[in-house]
Amino acid sequence: MLYDLGHRHFGLVTISEPMTFRHLRQDGLAAAIARRGDPSVRLDVATAPRFDRGARIQAINRLLHATERPTAIVALFDELALTVMEEAARAGLAIPRDLSVIGFDNIAASAYAPPGLTTFDASIRQCAREIGEMLLTVIGNRPDAPLTRLVRPTLVSRASHGPAPIGRN
């Protein structure tokens, strides 16, 4: 979607801890970029410890104040994306005119943070129900029941994304 809106310079805000969801989401973004096969696409990564707010803010500001700032930033989860939006506002950047921001998880605050965070809903409650059903299958010793299910995240389109700024893609 961001590529189709003209973005070619992306930022990823992630955590330094080796968590499975981090690797899956990062690898998914890298694979999507690779599938494009466009050598003009760039990805800058900002990494900080998950629970060190100061370090996260510093990492985000390195992206936002870079000489060649990304035109779109994808955050590993919504809390990081909301921090990107806060720091962008402090830097005088308008979202989405100057910077598009996308999150992941669709937490409640993402709907209310101006201008409204575009995010992916990972259906965490549905996943928990599916895991519970699989556990009951194992406990009930039902070998014919499936033990894997794929729950795909859905895009919740709000107002934090838009076309790449002219001359900055």
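Details of the structure are given in the entry above.
First, a word on what this report is: a plain description of the structure on this page. (Residues numbered from 1 in each chain as written. Predicted model: local features only at pLDDT ≥ 70, side-chain atom pairs only at ≥ 80, totals over all residues. Heavy atoms only, no water.)

## Some words on the sheet that holds strand β3 (residues 72–75)
Sheets are built from strands paired through backbone hydrogen bonds, the pairs being either parallel or antiparallel.
Then, in step 1: If you walk across this open sheet you meet the 6 strands as β2-β1-β3-β4-β5-β6, and the pairing is mixed. Single-partner strands in this sheet number two, and they are β2 (42–48) and β6 (154–156). Averaged over all pairs of adjacent strands, the angle between strand axes in this sheet comes to 20 degrees, irrespective of strand direction.
Then, in step 2: Judged from the 3 bridges that link them, strand β5 (residues 118–121) and β6 form a sheet pairing that is antiparallel. Looking across to β6, one finds that Thr-119 is bridged to Val-156.
Then, in step 3: Of the strands in this sheet, β1 (9–15), β2 and β4 (100–104) are in contact with helix α1 (residues 20–36), which crosses β1 at around 170 degrees.
Then, in step 4: The sheet strands contacting helix α3 (residues 78–90) are β1, β3, β4 and β5, and the helix crosses β4 at an angle near 160 degrees. (Pairing = 2+ DSSP bridges. Helix = DSSP H or I, 4+ residues; strand = E, 2+ residues; numbered from the N terminus. Axes fitted to C-alpha atoms, helices over the stretch in contact; angles between N-to-C directions. Contact = heavy atoms within 4.5 Å.)

## As for the nonpolar core
Then, in step 1: Core analysis: the largest hydrophobic core is formed by 25 residues, its most contacted members being Val-13 and Val-101.
Then, in step 2: Mapped by element, the contributors of at least two residues to this core are β1, β2, α2 (53–64), β3 and α3.
Then, in step 3: Counting residues per element, this core draws most heavily on α3, which supplies 6 residues.
Then, in step 4: In contact with Val-13, not counting residues within four places along its chain, are Ala-46, Ile-60, Leu-63, Ile-73, Val-74, Ala-75, Leu-76, Leu-80 and Val-84. (Core = buried A, V, L, I, M, F, W, Y, C linked by side-chain atoms within 4.5 Å. Buried < 20%, exposed > 50% of the residue type's maximum accessible area, 1.4 Å probe, protein only.)

## Describing the side chain of His-161
Then, in step 1: Secondary-structure assignment places His-161 in the segment after β6.
Then, in step 2: In this structure His-161 comes out as buried when scored by relative accessible area, which is 16%.
Then, in step 3: Setting aside anything within four residues of it in sequence, one finds His-161 in contact with Met-1, Leu-2, Leu-5, Pro-96, Ser-100, Ile-102 and Thr-118.

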